[in-house]
There are 2 protein chains.
Amino acid sequence: MLAIEYNGNLVLRKDYPAPRPAEGEALIAVRKAGICRTDLEITRGYMNFRGVLGHEFVGQVVEGPDEWKGKRVVGEVNCPCGQCPLCSMGLGKHCRSRTVLGIQGRGGVFAEFTALPAANLHEVPPGVGDDEAVFAEPLAAAMQIIRQVRFMPTDGAVVLGDGRLGLLAAMALRNVLRDILLVGKHANKLAIAKACGIKTILAKDFLPRRSARFVIDATGTAEGFSLALRTVMPTGTIVLKSTYASPGWLNLAPVVIDEITVVGSRCGPFADAINALKDRDVNVLPLISAHYDLSDGVTAMVAAADPSNIKVIIDVARQP
Amino acid sequence: MLAIEYNGNLVLRKDYPAPRPAEGEALIAVRKAGICRTDLEITRGYMNFRGVLGHEFVGQVVEGPDEWKGKRVVGEVNCPCGQCPLCSMGLGKHCRSRTVLGIQGRGGVFAEFTALPAANLHEVPPGVGDDEAVFAEPLAAAMQIIRQVRFMPTDGAVVLGDGRLGLLAAMALRNVLRDILLVGKHANKLAIAKACGIKTILAKDFLPRRSARFVIDATGTAEGFSLALRTVMPTGTIVLKSTYASPGWLNLAPVVIDEITVVGSRCGPFADAINALKDRDVNVLPLISAHYDLSDGVTAMVAAADPSNIKVIIDVARQP
């Protein structure tokens, strides 16, 4: 099959072997895939992954359990062992023996076919288009914040970072909190948030005042965390939201003195994300910067690394 | 009056002017004072404080509001302005204009007299001796953990650090959690915890397994925080509990990947601490390593810096 492989180099493969689904797994014909920061980090050495990249997708089940055949699906990326203490505590997404779609021990979705346990699948409702459904994974990650933090509807939040995740977080929180301020470096990205009724400010104009009850750090940098510490009020909460953060020279004394709570946040609830897409709570389509065919997948990855782009979509199978 | 002053050097003063209580404040004859790590840090430059050191005390009100005169008291250290937004939100202990007893803008308790707003005072019940009452402030700081974190009685916790605060935290948590493991470097300190029914282990024998639901980091070092990250289970909580933590080279990626919550924790509820002392929930007396007269206060500070000592008490006024 056609696939984008990372084997130390990023290459287009025309003869990559299609995955063979194990017992309980489904074989899925990928329709669209999204490129995420994690995919880019992997090509810089993150996770030491080798294989087909990609974990954000919408596709159609072509083989597997009868009840799933033919269905249009999105899928959760963590495939737990189901046996270990963490799995038995319901913490399968943290299972130490897990494989992770396109990230760890399991080929991804920048390919014509991919395989996932049926338990990971979620059917896409008819009203949600492919270009929206492909956002289920990152939108779920953004909505995980709402599951983890006990917000009051009258609370506000400052979101730091106008990348893909920062924008989705701002959009998701917009529906449950009184007001959101998105701080970013790109006028074109802030404009999208502004069109959704979100207050925005350029990072160079932002004066942190240690006054925000909630700060979402979606910058993915140690400097972003320092800014978060200067933005949050005493006894406030910082949600740390980025798949990969570089080590940095950090002083945690303000966390203690100001009694800050820092909440690490990763993958999230697909059901919440699919509902938000279905109910049009979040309009993800303006986040799409470009479409590429799978055969141009390497070029698509280069485009996704350009900070002026937001979400780059790979069209794997063009629908009739 | 007799006082231990830090003026760039640590000196015994025989002629230090007694504090003059402002409106609403009480003048307190100090009976006993405790030396804390923060006092030692101040003599290394922390907070840039100059004046009479010390903030842990028990004393007797000699001047001030009628209802307090003659009472034996302990006192909260933060003196908020009472006017600012943080104060009006009930966050007076985080007030930016606050003075802090013996730490910031207000002389401390290593002296014959000290002054505090009457609102900061708590009467000591008859059954609680002076040597116990002097622990009210650090025990309150330890019990703040119980106020901040939503424990279940069946939970356990690992406490890292067998210093004063680590021991008090282990003792306080012992009463509300199923089991506590205290990890420390000093056999003599661990023995005290063991006598209270707390499991203990020497740091050199401790193998972190990313398996503890709650970890209390009372090491006060960046290395301690790294150890906490290797000790806590995915989705678990680290309570960061030290007045001063040095900056260090930290990788926050595990916080995100394992969805760890980090809770900064500082001063705590005096009422809880006084009740625990009164009800004999916590026996603090074994923590006292040495007593010194106020006139030997400089020597007492040297003794407190010796890691083999736990709590050093300054006897300011010997009771008849």
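Keep in mind that this is a model prediction, so the values were computed, not measured. (Residues numbered from 1 in each chain as written. Chains lettered and ligands numbered in written order. Predicted model: local features only at pLDDT ≥ 70, side-chain atom pairs only at ≥ 80, totals over all residues. Heavy atoms only, no water.)

Focus: the relation of the copies chain A and chain B
Expressed as a screw transformation, the operator carrying chain A onto chain B has a rotation angle of 180° and an axial translation of 0.0 Å, and the superposed copies differ by an RMSD of 0.0 Å. What the superposition gives is, in effect, a two-fold axis relating one chain to the other. When you check the interface residues of chain A against chain B, 100% turn up at the interface there too, and the contact is symmetric in its surfaces. (Least-squares fit on C-alpha atoms with pLDDT ≥ 70 in both. Contact = heavy atoms within 4.5 Å.)

Describing the interface of chain A and chain B
You'll often see interface size given as the accessible area lost when the parts meet. Counting residues at the interface gives 43 residues for chain A, matched by 43 residues for chain B. Summing both sides of the interface, chain A and chain B together bury roughly 3,400 Å²; the carbon and sulfur share of this comes to 62%. Among the residues chain A hides against chain B, the three largest losses belong to V256, I257 and E259 of chain A. Together they make up 18% of the total. On inspection of chain A and its partner chain B, the count reaches two salt bridges. In this structure, E259 of chain A engages K93 of chain B in a salt bridge whose closest nitrogen and oxygen atoms are separated by 3.0 Å. Linking chain A to chain B there are 15 residue pairs in polar contact (both at pLDDT 80 or more). Its residues assigned to classes, the side of chain A that touches chain B shows 21 nonpolar, 13 polar and nine charged. Bridging between strand β17 (residues 248–250) of chain A and strand β17 (residues 248–250) of chain B involves three bridges; their strand directions are antiparallel. (Buried area = accessible area lost by both parts, 1.4 Å probe. Salt bridge = Lys/Arg side-chain N within 4 Å of Asp/Glu carboxyl O. Polar contact = N/O pair within 3.5 Å; in protein donor to acceptor, adjacent residues only side chain to side chain. Nonpolar A, V, L, I, M, F, W, Y, C, P; charged D, E, K, R; others polar. Pairing = 2+ DSSP bridges. Helix = DSSP H or I, 4+ residues; strand = E, 2+ residues; numbered from the N terminus.)

Regarding helix α6 (residues 187–195) of chain A
Residue and element names in this part refer to chain A. All of the buried residues in α6 are K189, L190, I192 and A193. The buried side chains of α6 occupy one side of the element, clustering within an arc of 150° when seen end-on. Summarising the geometry of α6, the exposed residues directed more than 90 degrees from the buried face are A187, K194 and A195. Where α6 is buried, its residues contact α5 (164–174), β13 (179–184) and β14 (199–202). (Buried < 20%, exposed > 50% of the residue type's maximum accessible area, 1.4 Å probe, protein only. Arc of directions from axis to C-beta.)

Some words on the pattern of salt bridges
Between side chains of opposite charge, pairing is possible as soon as their charged atoms come close. Scanning all chains against the criterion turns up 42 salt bridges over all chains. As a salt-bridge pair, R178 of chain A and D179 of chain A come within 3.8 Å of each other at their nearest N and O atoms. By relative accessible area, which is 54% here, R178 of chain A ends up exposed. For D258 of chain B, the salt bridge goes to R210 of chain B, with nearest N and O atoms at 2.8 Å. You can see D258 of chain B sitting in the loop between α8 (253–257) and β18 (261–264) and its partner R210 of chain B sitting in the loop between β14 (199–202) and β15 (212–217), a full 48 residues away along the chain.

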